[in-house]
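Residues per chain, in single letters:
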Amino acid sequence: MPARNQDTATVVVSGDVTMDWHIARAQLATTRTGWIEDQGQTRVFWQRGGAALLADLIEAIAVRLQKQLGIASTIYQVEAPRAPVTPTDSRFHHAHKRWGHFARSSKAGDQKPVWRLAEWLGVSISQEQSQQGIWPSVVDDPREADLLVLHDAALGFRDQPERWPLALQSARPRWILLKMSRPVAQGALWEHLHQYYADRLIVVTTIEDLRQTEVQISRELSWERTAQDLAWELVYNPHINTLSRCAHVVVSFGAAGAMLISRQSASAPLHTAETSQSLIQSRLFFDHKVIEGMWEQEHPGSMSGYTSCITVAIAHQLMLDIERPDLEQAIQNGLSTLRTLHLEGIGTEQGDVTFPIQRVVDQLMQNTTSMSVTDVQDPGRRLTPSVGRFQPAPAGLWTILEDRHVGGLDQVAQQIVLHGVDVALEGVPIGQFGALITVDRQEIENYRSLRSLVGEYC
């Protein structure tokens, strides 16, 4: 085991590992004797996935930090091959994805083809891991760690304590960063983490994984409603409210934004209407021109790795300053990086159709502030007692517009006429439906509800 230097941060990366198989198929139009023939080309590329991919990204960040700032880190990671294996190797889970050529954007003049996800083909579960109990473990696993990064993809790691790093059993890491897939807030790992490490636990998950975990969070109506729905569920829904014990929770809305939920005191009591929300601070990072799912519609094709971008962005800030990490900057960097990943597609300079580690790290280390940010109003602040329980009292809806322009909207209307919507309403959610632009929350929600109904009917 390498000797631990007092000035060197110890980072341990573990969790579910997959062998990723990228199946790249492109339709190429070729001209032959005056007629067009479509020829399909198919290539297959192997890459370490899951916790191993996170480790590769964090290692690349550590190299940059050492070179640029002299910040040293020692990375310990789960055992996984660095040379290609066969698709039938039963020691590992195998994930399969089919990639295709898509136009960079739906806008005219931006039709450059890029590799984006055409179809998720699923995971082949390792028989040795599931039946024989043969699991990869951390190489030279240290008993102490400054940062512990865990990848929980619900592929077995969460329910096998013998696979967990020694730092979870013999010490208290300064921070634990957990990337968690559905079902959220379940399993032996989660019970252990939230019981013993809640005050130093940062959870990264997605809004879609939460929606699959018995919660009611609105979809594609308004940023205000979705943010308040999420804040409410995290405190009052018994299926997921253990998340509110964590130091921080980051929920991704894909390329449209994210929400940071931070607990002000890990030792204070929970689950009473008078105190729970006052202990939680919620910050929404959002693109004010779109709602979740809309940005991706303008850029055809899907993309994997969104949550990994946010996770490694947080790891980057923790490695920069383990005592006072700038999580808001991490979220901004993560969202900018995942958008760049989607725009440019996957693939390396060598021509391999694989996750572009170096390109992602390049973007990640450029501090950006492309998203609007606002505090989320406590959805229970107007609760009134009624027969032994609390119910929302009648009141006006919270709007980001009124938060930004306190004292009346007359001047806002003037600024819109004089300077246009983009200047006058910077950072305010905007609903655009054809030639109609509206900033009224209720009107935006009504139009989007109608659009969803028509879309489902079509």
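Scroll up to find the structure this text is about.
Below, the structure is looked at part by part.

**Regarding the overall build of the protein chain**
What the protein chain contains, in helices and strands, is 14 helices and 17 strands. Residue burial in the protein chain is summarised as follows: out of 458 residues, 53% are buried.

**Comments concerning the sheet that holds strand β8 (residues 175-180)**
Strand pairing in a sheet takes place through backbone hydrogen bonds and is either antiparallel or parallel in direction. With respect to topology, nine strands assemble into an open sheet ordered β4-β1-β7-β8-β9-β10-β11-β12-β13, the strand pairing being mixed. Taken across any chain shown, the strands that pair with only one partner, and hence form the sheet edges, are β4 (73-77) and β13 (372-375). Each strand axis lies, on average, 15° off the axis of its neighbour in the sheet, ignoring direction. Sheet topology note: the β8/strand β9 (residues 201-206) ladder contains four bridges and is parallel. For lysine 179, the partnering residue across the bridge sits in β9 and is valine 204. Here helix α4 (residues 188-196) sits on the sheet in contact with β7 (147-152), β8 and β9, set at roughly 150° to β8. Against the sheet, helix α6 (residues 223-236) engages β10 (248-252), β11 (257-263) and β12 (280-286), with an angle of about 35° to β11.

**Some thoughts on the pairing of strand β1 (residues 9-15)**
Within β1, six of the seven residues are buried, leaving the element largely enclosed by the surrounding structure. Summarising the sheet, β1 and β4 pair through five bridges and their orientation is parallel. Paired with valine 13 across the bridge in β4 is glutamine 77. The pairing of β1 with β7 spans five bridges and is classified as parallel. Note that in β7 the partner of valine 13 across the bridge is valine 149.

**Observations regarding a nonpolar patch on the surface**
Where nonpolar side chains cluster on the molecular surface, the patch consists of Trp120, Val123 and Ile125 and spans about 270 Å² of accessible area. Among the secondary structure elements, isoleucine 125 is positioned in the loop between β6 (113-124) and α2 (127-131). Exposure remark for isoleucine 125: the relative accessible area of 41% places this residue in the partly exposed category.

**Focus on unusual backbone geometry**
Residue proline 183 is bonded to the preceding arginine 182 through a cis peptide linkage, with omega at 0°. Locating proline 183 in the fold gives a position in the loop between β8 and α4. Despite not being glycine, aspartate 140 shows a phi value in the positive range, around 55°. Mapped onto the fold, aspartate 140 is located in the loop between α2 and β7. Positive phi, normally seen in glycine, also occurs at alanine 185, with a value near 60°.

**Overview of the nonpolar core**
In terms of nonpolar packing, the biggest core is built from 107 residues, with Leu147, Leu230, Leu243 and Ile314 touching the most fellow members. For isoleucine 314, the residues in contact, after removing those within four places along its chain, are Leu177, Ile202, Val204, Val250, Leu327 and Ala330. Ranked by size, the runner-up nonpolar core spans 10 residues in total, among them Trp46, Ala52, Ala80 and Phe92.

**A word on the packing of aromatic side chains**
All told, the structure shown has four aromatic pairs when counted by the stated rule. Geometrically, the ring pair formed by tryptophan 232 and tyrosine 236 is tilted, given 4.4 Å between the ring centres and 35° between the ring planes. Placement of both tryptophan 232 and tyrosine 236 in helix α6 is noted, with a separation of four residues, approximately one turn of the helix. Residue tryptophan 232 is classed as partly exposed on the basis of its relative accessible area of 29%.

**Side note on the pattern of salt bridges**
Following the criterion strictly, the structure yields 24 salt bridges and no others. The closest approach of N and O atoms between aspartate 20 and lysine 97, which form a salt bridge, is 4.0 Å. You can see aspartate 20 sitting in strand β2 (residues 17-32) and its partner lysine 97 sitting in strand β5 (residues 93-103), a full 77 residues away along the chain. Overall, aspartate 20 belongs to the buried group, its relative accessible area being 5%. A relative accessible area of 10% places lysine 97 in the buried class. Note that arginine 200 and aspartate 199 form a salt bridge whose closest N and O atoms lie 3.5 Å from each other. With relative accessibility at 38%, the residue aspartate 199 sits in the partly exposed group. Among the charged side chains, a network of salt bridges with common partners joins Arg48, Asp56, Glu59 and Arg82.

Rules used in this analysis
Residues numbered from 1 in each chain as written. Predicted model: local features only at pLDDT ≥ 70, side-chain atom pairs only at ≥ 80, totals over all residues. Heavy atoms only, no water. Helix = DSSP H or I, 4+ residues; strand = E, 2+ residues; numbered from the N terminus. Buried < 20%, exposed > 50% of the residue type's maximum accessible area, 1.4 Å probe, protein only. Pairing = 2+ DSSP bridges. Axes fitted to C-alpha atoms, helices over the stretch in contact; angles between N-to-C directions. Contact = heavy atoms within 4.5 Å. Patch = residues over 30% accessible without salt bridge, like charges linked within 9 Å, V, L, I, M, F, W, Y side chains within 5 Å. Areas by Shrake-Rupley, 256 points an atom, 1.4 Å probe, with all protein chains shown as cover. Salt bridge = Lys/Arg side-chain N within 4 Å of Asp/Glu carboxyl O. Core = buried A, V, L, I, M, F, W, Y, C linked by side-chain atoms within 4.5 Å. Phe/Tyr/Trp six-rings, centres within 6.5 Å; stacked < 30°, edge-to-face > 60°.

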